[in-house]
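A look at the structure
Residue-level listing of the chains:
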Amino acid sequence: MADLPLLAHSLAEAYLYVMVSPCESCGNGPLYGGEACGVETPGGSWSTNLPGTCGACGATISITFQLASRPEEEASADAASINSTDEPSRIIDVGQWLTLFRMITEAATREDDKVQVRHLGMEAAQCLDEALKFYDDEGNDLPPSDAIFVESSRLRFEDNPGQFSRRRLLDLRSKLPTTSQMRSQLFRSRKKPWWRRGS
């Protein structure tokens, strides 16, 4: 993992980065994020140290992220936003967002708690929203080359570019409620963000 702080739009994005990253020790995973510890840095931004453990081999990691807001405020939010800006992620590429969408929707099928299913649905929808931020507005159906910056995504794109079709992503997104609708339902439930349930 990188020694310099990784730029994340939110604590949620930092946890998702850990989840979608392979373990450096065994090459597998998934990695599970632990309790984040945040400190204020010069200029009013926030830095958080996020430990993680590999579910396959038990190896531990620790990654430092630079955040735009106080991590404790995000962690206590009822429905955490991954990225409230129009800027694409700098740490999770388009292919990884699609992987996260699949992982989260699969987790939702195994969940019995209806409130948690709604929360997972909102996270899955946001993953598609984040993937779509990489596409330009010129009508291209495939993402630009700079939207893919990890080798696993590059190999998937070369093997099956149709998975990266903008039309496909928009079709998947259209089957889910709007983020504002899901956020309203989750705010009433006051449940901990799904990626924080184990901490």
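Residues numbered from 1 in each chain as written. Predicted model: local features only at pLDDT ≥ 70, side-chain atom pairs only at ≥ 80, totals over all residues. Heavy atoms only, no water.

1. Focus: the packing of aromatic side chains
The condition that has to hold: Planes of paired rings set the category: under 30 degrees apart is stacked, over 60 is edge-to-face and the rest tilted, where pairs are Phe, Tyr or Trp rings (Trp by its six-membered ring) whose centres lie within 6.5 Å. In this scheme, a residue with accessible area under 20% of its type's maximum is buried, one over 50% is exposed, and one in between is partly exposed, where area comes from a 1.4 Å probe on protein chains only.
Tallying each qualifying case throughout the model produces 3 aromatic pairs. For the ring pair Phe 157 and Phe 164, a centre distance of 5.2 Å and an interplane angle of 85 degrees mean the geometry is edge-to-face. A relative accessible area of 22% places Phe 157 in the partly exposed class.

2. Points about the confidence of the model for the protein chain
Heads up, the rule is: For every residue, the predictor assigns a confidence score, pLDDT, that lies between 0 and 100. Helix and strand assignments come from DSSP, with helices taken as H or I runs of at least 4 residues and strands as E runs of at least 2, each series counted from the N terminus.
In this model, the protein chain carries a mean pLDDT of 85, and residues with pLDDT of at least 70 account for 83%. Taken element by element, the protein chain is modelled with least confidence in helix H2 (residues 71-75), mean pLDDT 54, and with most confidence in helix H5 (residues 151-159), mean pLDDT 97.

3. Some remarks on the packing of helix H3 (residues 94-109) against helix H4 (residues 114-132)
The line we're drawing: Every axis corresponds to a line fitted to the C-alpha atoms, with the helix fit spanning only the stretch in contact, and the corresponding angles, defined between N-to-C directions, vary from 0 to 180 degrees. When describing relative orientation, an angle under 35 degrees is termed roughly parallel and one over 145 degrees roughly antiparallel, while 65 to 115 degrees is termed roughly perpendicular and anything else oblique. Two helices crossing with the near one rotated counterclockwise from the far one by less than a right angle form a left-handed crossing, whereas a clockwise rotation gives a right-handed crossing. Contact criterion: two residues are considered in contact whenever any of their non-hydrogen atoms come within 4.5 Å of each other. Each residue gets one label: Ala, Val, Leu, Ile, Met, Phe, Trp, Tyr, Cys and Pro are nonpolar, Asp, Glu, Lys and Arg are charged, and the others, such as Gly, are polar.
As a packed pair, H3 and H4 sit with axes 8 Å apart at the nearest point and diverge in direction by 165 degrees. Between H3 and H4, the angle is such that the two are roughly antiparallel. In this structure, the crossing between H3 and H4 has a hand that is left-handed. In this structure, H3 uses Val 94, Trp 97, Leu 98, Leu 100, Phe 101, Ile 104, Thr 105, Ala 107 and Ala 108 to contact H4, whose residues at the interface are Val 117, Leu 120, Glu 123, Ala 124, Cys 127, Leu 128, Glu 130 and Ala 131. Classifying every residue of the contact of H3 with H4 gives 14 nonpolar, 1 polar and 2 charged.

4. Some details on the side chain of Arg 173
Here Arg 173 lies in helix H6 (residues 166-174). Of the residues examined, Arg 173 reaches a relative accessible area of 13% and is grouped as buried. Arg 173 has contacts with Ala 125, Leu 128, Asp 129, Thr 178 and Thr 179, leaving out every residue within four places of it along the chain.

5. Side note on the side chain of Ser 10
Inclusion rule: As used in this structure description, the phrase polar contact means that two N or O atoms lie within 3.5 Å; if the pair is within protein, one of them must be able to donate a hydrogen and the other to accept it, and residues adjacent in sequence are counted only when both atoms belong to side chains.
Along the chain, the position of Ser 10 falls in the loop between strand S1 (6-7) and helix H1 (11-20). A relative accessible area of 2% means that Ser 10 is categorised as buried. Within polar-contact distance, the side chain of Ser 10 engages the backbone nitrogen of Ala 12 at 3.4 Å.

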